[in-house]
Amino acid sequence: MFENLSDRLQGIFSGLRGKGRLTEDDINSAMREVRMAMLEADVNFKVVKQFVARTKERCLDAEVLDSLSPTQNVIKIVTDELTELLGRTDSKLVLSSRIPNVIMLVGLQGSGKTTAAAKLAYRLKAEGHSPLLAACDVYRPAAADQLETLGNEIGVRVFRGDGKDPVAIAEGGIKDAIANLRDVVIVDTAGRLHVDEQMMEEAQTIKRAVKPDQILMVVDAMTGQDVVNVAAAFAERVDFDGVIMSKMDGDARGGGALSIREVTGKPIKFISAGEKPDSLEEFHPDRMARRILGMGDMLSLIESAVKVQQEEEEKAETERLMKSQLNLNDFITMNRQIRKMGGVSKLIAALPGGEKALGQGQVDEGALDRMEVIINSMTKAEREKPELLNGSRRARIAAGAGVHVSEVNQLMKKFNETKKMMKKMMPAVEDMGNKKGKKGKKGKRRRMGIPGMGGMSMSDLKKIQDMMGDVK
């Protein structure tokens, strides 16, 4: 999207690099070129004027002109000012403690609002939330059908209500989310081809009815600087919290993206390039500024690579667990996940009978740390094949971890107990997935378990408490 602007700015800086020292005339000439490049990129003229004025003032500082590398300083200043223009700091989507959270999407028709709603639901689902989509666009033909199709593709429920009253659908979506234990409701409102009173009034009515925690405006990046006027109108009437910039993969000049934050004061929270559900990305102003100036975006590249690697590792780990092939690397991962969940005390308190167990004794939170130290004292082969741990190996590990051999033996006992529990749980989990809703054979006695715990009994839970908490 920013190709033309990027090429122009890089050309300007290439010209400056050929000069050993910079004069005031050099800076003035470069700033004129920057102004023309930004105007040609369809950036709002007021934004361009303010940007160039700030940048020029900083570049003409005597400290910059008299430095050993004035061109590098100028490039740094332009990078800083461009980052400031785009938002300076990241503006993440922060959910409140309210259940369900309500996120309302607004914007003109054709901005990609319905697609953005599905992409946002996909992202929230990947983060561990359970979203619900509310189809409140009752005017555009097949809008609800489109949302339902997208919802089915990503495995997210879509609430359509009576399909006639958008306010009633939004309110019904909240009730449906509560009834079905959904923690986020994404309200897809109707748009128009242009800003009009009916659309604004409806958006205000829905806002009053559902009291959204976040209102996000979906903006078509290909609209250019005209998007600023649209955003200003929405900001005045519904006071949105942030922007989702769609169609960033288009061939527009990018003026809207560079103008909207400066004019409205509203941050860009997400950008979307492509039609795939996972194409919605958090917006990082500093990274975008470096990309525009041809400096690349290694951080985003690294994050994408790490995400792919994590997904592959999680898939391999799941396959091992399904085959009950637990090793000590998995065991240490489980311990770290328990800490992220709030520690052993919180885990045991959530189990049936857990509060009673906590009341009768203390939980040794340091047990997880000692387990990790012992496991880290093992070789890679020993962690992957615990059956290698004979007496001499255990003595060496104990010496390396600074513990008694009995503690290494105790860890291995807990590991083997956990492995047995996994063998018990996996058939129950597979049975729940493959035979959901089917009843057992007549006359055959079925094992009674704790609801939501994969058919485990109270004695099983007691073993988990003993294994994971060292309840004394």
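Our subject in this report is the structure included herewith. (Residues numbered from 1 in each chain as written. Predicted model: local features only at pLDDT ≥ 70, side-chain atom pairs only at ≥ 80, totals over all residues. Heavy atoms only, no water.)

### Digging into the nonpolar core
Step number 1: Among the nonpolar cores identified, the biggest contains 70 residues, and Phe234 and Met245 are the most heavily contacted of them.
Step number 2: Of the residues forming this core, the biggest block, 7 residues, is contributed by helix 5 (residues 70-86).
Step number 3: Other than its neighbours up to four places away in sequence, Phe234 contacts Val106, Gly107, Leu108, Val195, Met199, Met200, Met217, Asp239 and Phe240.
Step number 4: Ala121, Leu124, Leu150 and Phe270 belong to the second-largest nonpolar core, a separate cluster that totals 24 residues. (Core = buried A, V, L, I, M, F, W, Y, C linked by side-chain atoms within 4.5 Å. Buried < 20%, exposed > 50% of the residue type's maximum accessible area, 1.4 Å probe, protein only. Helix = DSSP H or I, 4+ residues; strand = E, 2+ residues; numbered from the N terminus. Contact = heavy atoms within 4.5 Å.)

### Description of helix 6 (residues 113-126)
Step number 1: Given a rise of 1.5 Å per residue, 14 residues ought to cover 20 Å, and the 20 Å separating the end C-alpha atoms of helix 6 matches this to within 8%.
Step number 2: The element helix 6 is largely enclosed, with a buried count of 10 among its 14 residues.
Step number 3: Along helix 6, the residues classified as buried are Lys113, Thr114, Thr115, Ala116, Ala117, Ala118, Lys119, Leu120, Ala121 and Leu124.
Step number 4: Just downstream of helix 6 lies Gly128, where phi reads positive at about 100 degrees. (Expected span 1.5 Å × (residues − 1).)

### With respect to the pairing of strand 1 (residues 101-106)
Step number 1: Across the 6 residues that make up strand 1, a large majority, 6, are buried.
Step number 2: Here strand 1 shows a buried face lined by Asn101, Ile103 and Leu105 and a second buried face lined by Val102, Met104 and Val106.
Step number 3: The pairing of strand 1 with strand 4 (residues 184-188) spans 5 bridges and is parallel. Following the sheet pairing, Met104 is matched in strand 4 by Val187.
Step number 4: As paired elements, strand 1 and strand 5 (residues 214-220) share 4 bridges and run parallel to each other. Paired with Ile103 across the two strands is Gln214, which belongs to strand 5. (Pairing = 2+ DSSP bridges.)

### Describing the sheet that holds strand 3 (residues 157-159)
Step number 1: The sheet built from 8 strands is open, its strands ordered 3-2-4-1-5-6-7-8 with mixed pairing. Only two strands of the sheet have a single neighbouring strand rather than two, namely strand 3 and strand 8 (280-282). Looking at each pair of strands side by side, their axes are set apart by 25 degrees on average, direction ignored.
Step number 2: Bridge analysis of strand 2 (residues 131-135) against strand 4 gives 5 bridges, and the strand direction is parallel. When the sheet's bridge partners are listed, Leu132 is paired in strand 4 with Val185.
Step number 3: Sheet strands touched by helix 8 (residues 166-179): strand 1, strand 2, strand 3 and strand 4. Its angle to strand 3, the strand with the most contacts, is close to 140 degrees. (Axes fitted to C-alpha atoms, helices over the stretch in contact; angles between N-to-C directions.)

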